[in-house]
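Tertiary structure, described
Next come the chains, spelled out residue by residue.
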Amino acid sequence: MTDNIPLQPVRRPKRNNSKHRHGCCPWSKCCGMCDFRPRTVWLGHPEKREQRYPRNVINNQKYNFFSFLPGVLFNQFKYFFNLYFLMLACSQFVEELRLGDLYTYWVPLGLVLTITIIREAVDEIRCYMRDKEVNSQIYSKLSTRGTTKVKSSNIQVGDLIIVEKNQRVPADMIFLRTSERNGSCFLRTDQLDGETDWKLRLPVACTQRMPTAAEDGDPPVNESLSIENTLWASTVVASGTVVGLVIYTGKELRSVMNTSNPRHKVGLFDLEVNCLTKILFGALVVVSLVMVALQHFAGRWYLQILRFLLLFSNIVPISLRVNLDMGKMVFSWMIKKDSKIPGTVVRASTIPEQLGRISYLLTDKTGTLTQNEMVFRRLHLGTVAYGMDSMDEVQSHVFSAYTQPTHDLPASRTPATTKVRKTISSRVHEAVKAIALVHNVTPAYESNGVTDQAEAEQHYEDTCRVYQAASPDEVSLVQWTESVGLTLVGRDQSSMQLRTPNGQIMNFSILQIFPFTYESKRMGIIVRDESTGEITFYMKGADVVMAGIVQYNDWLEEECGNMAREGLRVLVVSKKSLTEEQYQDFEARYVQAKLSVHDRSLKVATVIESLEMEMELLCLTGVEDQLQADVRPTLEILRNAGIKVWMLTGDKLETATCTAKNAHLITRNQDIHIFRPVTTRGEAHLELNAFRRKHDCALVISGDSLEVCLKYYEYEFMELACQCPAVVCCRCAPTQKAQIIRLLQERTGKLTCAVGDGGNDVSMIQEADCGVGVEGKEGKQASLAADFSVTQFKHLGRLLMVHGRNSYKRSAALSQFVIHRSLCISTMQAVFSSVFYFASVPLYQGFLIIGYSSIYTMFPVFSLVLDKDVKSEVAMLYPELYKDLLKGRPLSFKTFLIWVLISIYQGSIIMYGALLLFESEFVHIVAISFTSLILTELLMVALTIQTWHWLMMVAELLSLASYVASLVFLHDFIDVYFITTPSFLWKVTSITLVSCLPLYILKYLRRRFSPPSYSKLTT
């Protein structure tokens, strides 16, 4: 064999375009656009490469060292809100526009930017540490100098890498060699696609056959490569040690190209707040123009407009962004510390409010709704069925078949009884024997500390044996046959060994294997019993295909339906005995068909089908894919909360439908419309019309049919699908999952949440408004890419119903109160200026302005993040409370207008009251109005709070104490002697009561005659 491998398809990443993904490479569906360019890879000589390839590094960071500060600042100032305050602060460098000290404007802005930069820096450092851990993993590399150690990040195209058992594959590689005796290995792909079943991989035949040392003069060998010869990055070697040739690294990895670039998510709540600030800015401009207009635009009126814009700048509160960002951090901390959802991690602390407004939840199936652990539940023989509680009967039948010869039966039994017992016993034995033989499972032996691997393999030690297979269904079947007495103890590519209950070893030669395909929906095997020479063809498959293969019977269809309704995955098992002549005739035709140049697949299938006739039906098996804990009640909670759940899975249609029923995603009284396969526009049109005539019907559709519908009838399909109570999309590619979410966002305008656990869910998670990764044995790739990470699906209910609801309602209350606080002082400034002939003179200066929002009222207002209308247990018990949030009522134009009117009322009362009640000096106006303002804000917080927390009381008392204490240092602004007089006290008390008491009365009347929905649950 030559030391270089020419590879034709080379994936070159184009600019990522999420709307158009076409291409012609085998992975074009999942990788995006690619082109083809020849690539020659030199084995063990990466320095001979003819072109540069990307470094093999994992990088999930948004910034690097140099772009961090510019990037963070750009992301802050690209929004109108922060840009406005930057311009405001810069304007104070102009002498004509200066209204006070520079720190009055620069300190709040600096505080905002500092908090943002610190938060972003913490997220970047965490991301860097996670990437560094993966990039620093050590591997063994084969070179001319022997074996050397190399970091994952230093691996290059052309390197020969040794990957040990249970080690992650560091790059996309060609599988050259394995240490396994059977010449194959298994991969765990859980971190790539969430599937815990193992995938079989075969080494390149010529390199597996090569001796340890190959001569340079060996003749060149040409051998085609297939998908079975590949080792994808991020998979884990499950058996043996493998040697692979690195062909793709870094950005060209299949898993990387299968993932779209993460977008910077901005919450809908933030967009709504940004919209309100624009309205407030519009109000600021209008008020400034009115003030100048009332002066008849006298003098340098344009400078007056700018001064009024600065004077009333509090209308747009700079502290709003700081409070909301700090609130998000508190919400994230509460989620992490919730003992009822342990292990939950918040990776995107900027969007916790999104959890409170989810309308569509799109979930993966395998590893998310299910544990991907198969459990054998039912054996059905037609006349008798065995469940979990009667497996001991099956065990006794198998035991009697191998330990009691028929001639030893007692003579006293009646002939009829003997015949019936023999029939049932033999049928059970034949069924168990068939299940133990028709599979692709390989037993492997490992050292357990007492027995080494070689000894365990020689003596078939039960404690050292593990089963390796590409399907968990098959493993569960083989484990069940072991539990009833017939154990698979050995297997290679040409033979299989079973151990009977009495310890004897039965040897079978494997003559032919017909593997399972999604087109055939069945698998078969032809074996020869070495002890008797009998040749038997065993087959198992789905009932839809096996019904036409087995001999006529009157129970297959009915019992398959019954078992499917119980949520079991049903397989039909059959057999056919062959004579030596029959098999030789079949083999000759089969070999000839495989050598055909034209229509090979069709000819091979035809030959196999000639054997698949009039087979003897042995039994039905029922296997359950166990759901994760509390999946059914969690889905019920989500449904009652008004959230529509869609299941997007790469699994086959029958399995997806079965799981949807089992999880009660589709309720028992709901009709199911299975969208038949369509390939043309006409077929799609007819099927959509048929679906349109059905009402309140769950939809099940395959990825291929979905692609055709979206190509020709995107709007019509989405309109119909959105009306369905539940939708199941099977055979979905990763980019299709992301496309569905994108279409839901565009067509409905509602918020979406994606839940997944594997690498193939990353695109969906990143595209959704809120991505949740389920972290567990299925790997961490999805949870690392998600906004929120949970350990179990059931935690999603509490995450949305409690934390999502509280975060949204608290943020809404906090934002409106901060706006109210700023509008109050702006209204007072407007009244003050209008009374004093529209002069652009500030009412409060210097420390009073900063202290008002950052010291005296900050803690009470911010303590609203601890408020809650109902207990968490009530929110979980009545998920209908969540439904009220979907309309966005906590923060709407209506509530915003109410708070604006309250602010204008209170600001006017305080200012006019102070002007009416002051006696001689201007400084008394400042003292009366500012004290009344502080007291009014503290009382308004108390009025707004629904459930008191001890920290709220501390915040109120602390703020009041800090104001009283600071009066000693505020002698430049406030007359200290005046505030100790009874006159000051009764004036402040009167103004505060007039500003607050009417609102208390209105709140009481509203709760009395029009109580909110949650109030009925708290009384």
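Since the model is a prediction, treat every value here as computed from it, not as a measurement.

Calculation criteria
- Residues numbered from 1 in each chain as written.
- Predicted model: local features only at pLDDT ≥ 70, side-chain atom pairs only at ≥ 80, totals over all residues.
- Heavy atoms only, no water.
- Helix = DSSP H or I, 4+ residues; strand = E, 2+ residues; numbered from the N terminus.
- Buried < 20%, exposed > 50% of the residue type's maximum accessible area, 1.4 Å probe, protein only.
- Contact = heavy atoms within 4.5 Å.
- Areas by Shrake-Rupley, 256 points an atom, 1.4 Å probe, with all protein chains shown as cover.
- Arc of directions from axis to C-beta.
- Pairing = 2+ DSSP bridges.
- Axes fitted to C-alpha atoms, helices over the stretch in contact; angles between N-to-C directions.
- Phe/Tyr/Trp six-rings, centres within 6.5 Å; stacked < 30°, edge-to-face > 60°.
- Lys NZ or Arg CZ within 6 Å of the ring centre and 35° of its normal.
- Salt bridge = Lys/Arg side-chain N within 4 Å of Asp/Glu carboxyl O.
- Patch = residues over 30% accessible without salt bridge, like charges linked within 9 Å, V, L, I, M, F, W, Y side chains within 5 Å.
- Lys, Arg positive; Asp, Glu negative; His and termini not counted.
- Charge placed at Lys NZ, Arg CZ, Asp CG, Glu CD.
- Parallel < 35°, antiparallel > 145°, perpendicular 65-115°, else oblique.
- Left-handed = near helix turned anticlockwise from the far one by under 90°.
- Nonpolar A, V, L, I, M, F, W, Y, C, P; charged D, E, K, R; others polar.
- pLDDT = per-residue confidence, 0-100.
- 1 Å grid on protein atoms, 1.4 Å probe; cavity = no way out; pocket = protein on both sides within 12 Å on 5 of 7 lines; lining within 4 Å.
- Points joined across faces, edges and corners; volume = space filled by probe spheres on them.
- Right-handed = clockwise from strand over helix to strand, strands pointing away.

**What to know about the overall build of the protein**
Along its length, the protein carries 36 helices and 31 strands. The proportion of buried residues among the 1019 residues of the protein is 53%. For the protein, the proportion of contacts with a sequence separation of at least 24, taken over those separated by at least 6, is 75%. If you sum the accessible surface of the protein, you get close to 46,600 Å²; carbon and sulfur atoms cover 58% of it.

**Overview of helix H16 (residues 556–565)**
Within H16, burial applies to Leu 556, Glu 559, Cys 560 and Met 563. Seen from one end, H16 has its buried residues packed into an arc of 105°, which puts them on one side. H16 presents Glu 557, Glu 558 and Arg 565 as exposed residues on the side facing more than 90 degrees away from its buried surface.

**Focus on the sheet that holds strand S12 (residues 345–346)**
Ordered by their spatial adjacency, nine strands build an open sheet running S12-S31-S30-S29-S13-S25-S28-S27-S26, and the pairing between neighbours is mixed. Strands with a single pairing partner mark the edges of an open sheet, and in this sheet they are S12 and strand S26 (671–674). Of the pairings in the sheet, the one linking strand S29 (residues 751–756) to strand S30 (residues 770–774) comprises four bridges and is parallel in character. Bridged to Ala 754 within S30 is Gly 771. With respect to the sheet, helix H23 (residues 714–723) is in contact with strand S13 (358–363), strand S25 (644–648), strand S27 (697–702) and strand S28 (726–730), its orientation differing from that of S25 by roughly 120°.

**What about the packing of aromatic side chains?**
The final tally for this structure, using the stated rule, is 21 aromatic pairs. With a centroid separation of 5.5 Å and 85° between ring planes, the pair formed by Phe 297 and Trp 301 is classed as edge-to-face. Residue classification places Phe 297 among the partly exposed positions, given a relative accessible area of 40%. The class for Trp 301 is partly exposed, based on a relative accessible area of 36%. Between Tyr 856 and Phe 930 the ring centres are 6.1 Å apart and the planes differ by 80°, which places this aromatic pair in the edge-to-face class. Of the two residues, Tyr 856 is situated in helix H28 (residues 847–856) and Phe 930 in helix H33 (residues 922–944); the sequence distance between them amounts to 74 residues. By the burial criterion, Tyr 856 is buried, and Phe 930 matches it. Feature note: the residues Phe 514, Phe 537, Tyr 583, Phe 586 and Tyr 590 constitute an aromatic cluster, connected by ring pairs. The positively charged end of Arg 254 is found above the aromatic ring belonging to Trp 232, 4.7 Å away from the centroid.

**Digging into the pattern of salt bridges**
This structure, assessed with the given rule, holds 23 salt bridges. A salt bridge links Asp 159 to Lys 141; the shortest N-O distance between them is 3.9 Å. With Asp 159 in the loop between strand S4 (146–151) and strand S5 (160–163) and Lys 141 in strand S3 (residues 138–143), the pair connects residues that are 18 residues apart, well separated along the chain. Residue classification places Asp 159 among the buried residues on the basis of a relative accessible area of 2%.

**Overview of a positive patch on the surface**
Together, Lys 883, Lys 887, Arg 889, Lys 894 and Arg 1006 make up a region of like positive charge exposed at the surface. Its place among the elements puts Lys 887 in the loop between helix H31 (880–883) and helix H32 (893–917).

**What about the sheet that holds strand S20 (residues 505–514)?**
Here nine strands make up an open sheet; going across it, the order is S15-S14-S24-S23-S22-S21-S20-S19-S18 and the pairing antiparallel. Where the open sheet ends on each side, the last strands, each with one partner, are strand S15 (385–386) and strand S18 (487–491). Bridging between strand S14 (residues 370–380) and S15 involves two bridges; their strand directions are antiparallel. Pairing of His 380 across the sheet is with Ala 385, part of S15. Against the sheet, helix H14 (residues 472–483) contacts S14, S18, strand S21 (522–529), strand S22 (535–541), strand S23 (569–578) and strand S24 (616–627), and its axis sits at roughly 50° relative to S14. Together, S20, S21, S22 and S23 form the strand contacts of helix H17 (residues 580–594), whose direction differs from that of S20 by roughly 35°.

**Quick word on the environment of Leu 653**
Structurally, Leu 653 can be placed in helix H20 (residues 653–662). Note on Leu 653: relative accessible area 22%, which makes it partly exposed. Expressed as a C-alpha distance, the spacing of Leu 653 and Ser 702, which sit 49 residues apart in the sequence, is 6.9 Å. Excluding residues that lie within four positions of it along the chain, Leu 653 makes contacts with Ile 674, Val 700 and Cys 730.

**Things to note about the packing of H32 against helix H35 (residues 982–1009)**
With their axes 10 Å apart at the nearest point, H32 and H35 run at an angle of 160° to one another. Overall, the two elements H32 and H35 adopt an arrangement that is roughly antiparallel. The hand of the H32/H35 crossing is right-handed. Along the contact surface, H32 presents Ile 902, Tyr 905, Gln 906, Ile 909, Ile 910, Gly 913, Ala 914 and Leu 917, while H35 presents Trp 986, Lys 987, Ile 991, Val 994, Ser 995, Cys 996, Pro 998 and Leu 999. Class assignment for the residues of the contact of H32 with H35 results in 12 nonpolar, three polar and one charged.

**Remarks on the packing of helix H4 (residues 103–135) against helix H10 (residues 319–337)**
Their axes nearest at 9 Å, the elements H4 and H10 cross at an angle of 35°. In this structure, H4 meets H10 at a crossing whose hand is left-handed. Residue-level inspection shows Val 112, Ile 115, Thr 116, Arg 119 and Arg 126 of H4 in contact with H10, the latter providing Arg 321, Val 322, Asp 325, Met 326 and Lys 336. When its residues are assigned to classes, the contact of H4 with H10 shows four nonpolar, one polar and five charged.

**Thoughts on the confidence of the model for the protein**
Confidence in the prediction of the protein, expressed as mean pLDDT, is 83, and 89% of residues score 70 or more. Confidence drops under a pLDDT of 50 for residues 1–36, and excluding neighbours within four residues, the segment shows 86 contacts in the predicted structure. Across residues 406–422, where pLDDT falls below 50, the model places five contacts with residues more than four positions away in sequence or in other chains.

**Brief notes about empty space enclosed by the protein**
Overall, the coordinates contain six cavities of 30 Å³ or more when judged by the stated rule. Reported here for the largest cavity is a volume of approximately 370 Å³. Lining the largest cavity are 21 residues; nearest its centre among them are Gln 76, Tyr 79, Val 266, Asp 270 and Arg 321. Going through the elements one at a time, helix H2 (68–77), helix H3 (80–91), H4, helix H8 (268–294) and H10 are the ones with two or more residues in the lining of the largest cavity. In terms of residue class, the lining of the largest cavity is made up of six nonpolar, eight polar and seven charged.

**Considering a nonpolar patch on the surface**
A cluster of nonpolar side chains, contributed by Leu 939, Leu 997, Tyr 1000, Ile 1001, Leu 1002, Tyr 1004, Leu 1005 and Phe 1009, occupies part of the molecular surface with about 820 Å² of accessible area. Within the secondary structure layout, Leu 1005 lies in helix H35.

**Remarks on the side chain of Ser 184**
Examined against the element boundaries, Ser 184 turns out to sit in the loop between strand S6 (172–178) and strand S7 (185–188). The exposure class of Ser 184 is buried, given its relative accessible area of 8%. Ser 184 has contacts with Thr 178, Leu 200, Arg 201, Leu 202 and Pro 203, leaving out every residue within four places of it along the chain.

**Structural notes on a negative patch on the surface**
Taken together, the side chains of Asp 543, Asp 554, Glu 557, Glu 558 and Glu 654 define an acidic patch exposed on the protein surface. Within the secondary structure, Asp 554 sits in the loop between helix H15 (543–546) and H16.

**Remarks on H20**
Counting buried residues in H20 gives seven out of 10 residues, a clear majority hidden from the surface. Where H20 is concerned, the buried positions are Thr 655, Ala 656, Thr 657, Cys 658, Thr 659, Ala 660 and Asn 662. Backbone geometry just downstream of H20 places His 664 in the positive-phi region, at approximately 65°.

**Overview of the pairing of S27**
Across the six residues of S27, six count as buried, placing the element largely inside the fold. Judged from the four bridges that link them, S26 and S27 form a sheet pairing that is parallel. What sits directly across from Ile 672, in S27, is Ala 698. Each parallel crossover has a hand, and for S26 linked through helix H21 (residues 681–692) to S27 it is right-handed. As paired elements, S27 and S28 share four bridges and run parallel to each other. Bridging across to S28, Ser 702 finds its partner in Cys 730.

**Brief notes about unusual backbone geometry**
The phi dihedral of Asp 630 is positive, around 60°, even though this residue is not glycine. The topology assignment puts Asp 630 in the loop between S24 and helix H19 (631–640). Look at Asp 630 and you get partly exposed, because its relative accessible area is 43%. Even without glycine at this site, Asp 696 takes up a positive phi of about 50°.

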